[in-house]
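# A closer look at the structure
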Amino acid sequence: MRPQRWRLNATSHVPRFSLLVPLLGFLAGGVWGIVTTEIDQVLSSTPSLNDPDFQAFRDPSRAVIASVGPPMLTFIGVVFSLTLVAVQMAAENLTPRVVRLFMQSRVTKTALALFLGTFFYTLVVRYLSLRVEDQRGRKDVFVPFLSGFFTMVLVTCCVLAFIAYVQHTLRLMRLTEVIDLLMRETLRSVRLVQGLSRSQEPFREEDRTAEHEVLHAALPGVLIGFHRKALVKGLSRKTGFG
């Protein structure tokens, strides 16, 4: 019983933390930028790697890092602004639940996390590289080889994520795809309720008492929602079931 209750509680609270994955991606980009810069500093100080062939990667790596950061932020703003307009039009023409499907989509969260992480990664690497170069001076060359390599890897991943993101967004514009996604969500909810009902004893109508009823004194109107956590907590106190 307790695992099922935890699953219900987690499922109902996941939409509130829809920005958690992008935030983690943003922070991970900064942390990885610090790590790669430290490794590049160690590699640049290694005598065996301090040769003209290794130093030749200095200018290309710096050019790649400098050319990714600002355009990535512009890219994020333009893409998600146009996407939100398209999703709003689909919500007006199809169903308002398209907005919720878009916000809860793993593809949307992953793409946003990757875009933000790449931007913050290049920003941190650029800042730390300039600081290291100022501290080391002109005689001791700093080569951001690993940072430039991972910048190209992240840009490639961003391109692939953008393709998947566009394909997923276009799917939300189609009525058949929206119906299919809503049907899958409904089936998951039905299976979850069936799992809870199987783990409990069947409730008979003749066993109904006052403890199974919830009274709410308010003005007449239409019920559009309820606070699930407060309702369960009140019933638990009333019935003595923890």
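In this text the structure is predicted, and so the values were computed from the model without any measurement.

### Let's talk about helix H2 (residues 20–45)
Taking 1.5 Å as the rise per residue, H2 with 26 residues should run 38 Å; its terminal C-alpha atoms sit 38 Å apart, in good agreement. Those residues of H2 not exposed but buried are Pro-22, Gly-25, Gly-29, Gly-30, Gly-33, Thr-36, Thr-37, Asp-40 and Ser-44.

### Structural notes on the nonpolar core
One broad trend across soluble globular proteins is that nonpolar side chains are buried collectively. Within the largest apolar cluster, 20 residues are counted, with the highest numbers of intra-cluster contacts made by Phe-80 and Phe-115. Put simply, the parts of the chain that give this core at least two residues each are helix H4 (58–93), helix H5 (97–103), helix H6 (106–136), helix H7 (145–172) and helix H8 (175–199). Here the element with the most residues in this core is H4; it accounts for 6 residues. Once residues within four sequence positions are removed from consideration, Phe-115 is found in contact with Met-72, Phe-75, Ile-76, Phe-80, Cys-158, Ala-161 and Phe-162.

### Observations concerning the packing of aromatic side chains
All chains considered together, the criterion is met by 8 aromatic pairs. Relative to Phe-162, the ring of Phe-75 lies with its centre 5.2 Å away and its plane at 65°, an arrangement referred to as edge-to-face. Here Phe-75, found in helix H4, pairs with Phe-162, found in helix H7; they are 87 residues apart in sequence, far enough to count as distant. An aromatic cluster is present here, built from Phe-75, Phe-80, Phe-102, Phe-115, Phe-162 and Tyr-165 joined pairwise through their rings.

### Observations regarding the side chain of Thr-118
As for its position among the elements, Thr-118 is in helix H6. Non-local contacts of Thr-118, meaning those with residues more than four positions away in its chain, are made with Val-68, Met-72, Leu-154 and Cys-158.

### Overview of the confidence of the model for the protein chain
Per-chain confidence: the protein chain averages 76 in pLDDT, with 71% of residues scoring 70 or above. Here helix H1 (residues 2–13) stands out as the element of the protein chain with the lowest mean pLDDT, 43, in contrast to H7, whose mean of 90 is the highest. Contacts of residues 1–17 to residues separated by more than four positions or lying in other chains number 12 contacts, the stretch itself having pLDDT below 50.

What counts, and at which threshold
Sequence positions are assigned chain by chain, starting from 1 and proceeding in written order. Reporting of local features is limited, given that this is a predicted model, to residues whose pLDDT is at least 70; pairs of side-chain atoms are given and counted only at 80 or more, and all residues count toward the totals for whole chains, interfaces and linings. Hydrogens are left out, water is left out, and the side-chain values use all remaining heavy atoms of the structure. Under the DSSP-based scheme used, a helix requires at least four consecutive residues in state H or I and a strand at least two consecutive residues in state E, with every element numbered from the N terminus. Given the number of residues in a helix, its expected span is that number minus one, multiplied by 1.5 Å. Only protein chains enter the area calculation, which uses a 1.4 Å probe; residues under 20% of their type maximum are buried, those over 50% are exposed, and those in between are partly exposed. We define a nonpolar core as any set of buried Ala, Val, Leu, Ile, Met, Phe, Trp, Tyr and Cys residues linked to one another through side-chain atoms lying within 4.5 Å. The contact definition used throughout considers only heavy atoms, calling two residues in contact when any of these lie within 4.5 Å. Centres within 6.5 Å are what make two rings of Phe, Tyr or Trp a pair, Trp counting through its six-membered ring; a difference in plane orientation under 30 degrees is then read as stacked, over 60 as edge-to-face, and the rest as tilted. Each residue carries a pLDDT value, the predictor's own confidence for that position, ranging from 0 to 100.

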